Amino acid sequence: MKTAHKSALWKRSGTAYLFLLPWLIGFFGLTLGPMLGSFYLSLTKYNLLNAPVWLGFDNYRHIFTADEYFYKSLTVTFKYVLFSVPLKMAFALLVAVVLNKGIRALGIYRTVYYIPSLLGGSIAIAIVWRQIFDGEGLINHFLSWFGIEGPAWIAHPSYILSTIVTLSVWQFGSAMVIFLAGIKQIPADLYEAAQVDGAGKLRQFGKITLPMLSPVIFFNLVMGIINSFQVFTPGYVIGDGRGGPVNSTLFYTLYLYLKGFSFFDMGYAAALAWIMLIIIGLFTSIVFVTSRFWVFYGDGKDGR
């Protein structure tokens, strides 16, 4: 009897693992395997041409103690994340609230606003953005109508990062669609009860919309942080591929790319990649830990 039971159990388990096999192959062959390989390379000196030479933790030691560009790239990336993530989320939420007001042809507007998110990460859009903010570009041409002489946005280290942040905010479509879906799930009777109690629109937004949207805000915040730390294409195209001017667009991923594929120091680049993984993990962990204080779910329970 026990043998028959074990046979049936193995049969069910075997069927389950058979369906899981494509995922397991992808996980071990395309995710876990390359990750372990990159960690090994981070402990070596490897130039893609010769066999890796074991260094131990020398790459990490040099990064933290003698690499000024590491700290510069971190500073640029932190600035970008600090400004782009909240601005993008705020703009996406604003547009979602406006689109939720019963606008006719809502599907068309939603599609139009989502298009920048599909195109924004492309090289073509980065080139267009570079032309728009050029010294003789569209922005300065528009300002000249009002007698304002615009600066060289992409040639001045004080302005170029703000143009890339603006490009990020322009790609608000994905967050906006998620916010809009979340807003539509908020029960209308909550707003009706608030109106009866005399609550105005701003109070309703602060006391109903934001708390009810907190799980959606949490999701968009986590995804925004992860994606912002990995910014590459705008910095590469607008900053001429070297982080210019004066390293003002030397994003962390760009510096990693330069070390790996311009200087062929792949072991050092692998070490940089693992440090970035830890940094992203720390930031997302902070968001998860603090979520218990501000994320609320429909069952009346908070993030704890």
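In what follows, the structure referred to is the one given above.
Here the structure is a predicted model, which means the values were calculated and not measured.

Parameters at a glance
Residues numbered from 1 in each chain as written. Predicted model: local features only at pLDDT ≥ 70, side-chain atom pairs only at ≥ 80, totals over all residues. Heavy atoms only, no water. Salt bridge = Lys/Arg side-chain N within 4 Å of Asp/Glu carboxyl O. Helix = DSSP H or I, 4+ residues; strand = E, 2+ residues; numbered from the N terminus. Buried < 20%, exposed > 50% of the residue type's maximum accessible area, 1.4 Å probe, protein only. Axes fitted to C-alpha atoms, helices over the stretch in contact; angles between N-to-C directions. Parallel < 35°, antiparallel > 145°, perpendicular 65-115°, else oblique. Left-handed = near helix turned anticlockwise from the far one by under 90°. Contact = heavy atoms within 4.5 Å. Nonpolar A, V, L, I, M, F, W, Y, C, P; charged D, E, K, R; others polar. 1 Å grid on protein atoms, 1.4 Å probe; cavity = no way out; pocket = protein on both sides within 12 Å on 5 of 7 lines; lining within 4 Å. Points joined across faces, edges and corners; volume = space filled by probe spheres on them.

## Overview of the pattern of salt bridges
In this structure the tally under the stated criterion is 2 salt bridges. Residues D58 and R61 are paired through a salt bridge, measuring 2.4 Å at the closest nitrogen-oxygen approach. Placement of the pair is D58 and R61 together in helix 2 (residues 58–66), with a separation of 3 residues, close to one helical turn. For D58, a relative accessible area of 38% translates into the label partly exposed. For R61, a relative accessible area of 48% corresponds to the partly exposed category.

## Some words on the packing of helix 12 (residues 252–262) against helix 13 (residues 266–290)
Look at helix 12 against helix 13: their axes get within 7 Å of each other, and the N-to-C directions meet at 160 degrees. Here helix 12 is positioned roughly antiparallel relative to helix 13, judged by the angle of their axes. Between helix 12 and helix 13 the crossing geometry is left-handed. Contacts from Y252, Y255, L256, K259, G260 and F261 of helix 12 reach helix 13 at M266, Y268, A269, L272, A273, I275 and M276. Looking at the contact of helix 12 with helix 13 residue by residue, the classes come out as 11 nonpolar, 1 polar and 1 charged.

## Thoughts on the layout of surface pockets
One simple way to see leftover space: roll a probe sized like a water molecule over the atoms. Counted as a void, the largest pocket has a volume near 530 Å³. In terms of lining, the largest pocket is formed by 22 residues, of which the most central are K88, Q171, M223, G224 and N227. Looking at the lining of the largest pocket, the element that brings in the most residues is helix 10 (residues 201–229), giving 6 residues. Tallied by class, residues from the lining of the largest pocket come to 10 nonpolar, 11 polar and 1 charged. In this structure, the second largest pocket encloses a volume near 360 Å³. In this structure, the second largest pocket is lined by 15 residues; those nearest its centre are N100, K101, Y191, Q204 and T209. If you list the elements that add at least two residues to the lining of the second largest pocket, you get helix 8 (173–184), helix 9 (188–196) and helix 10.

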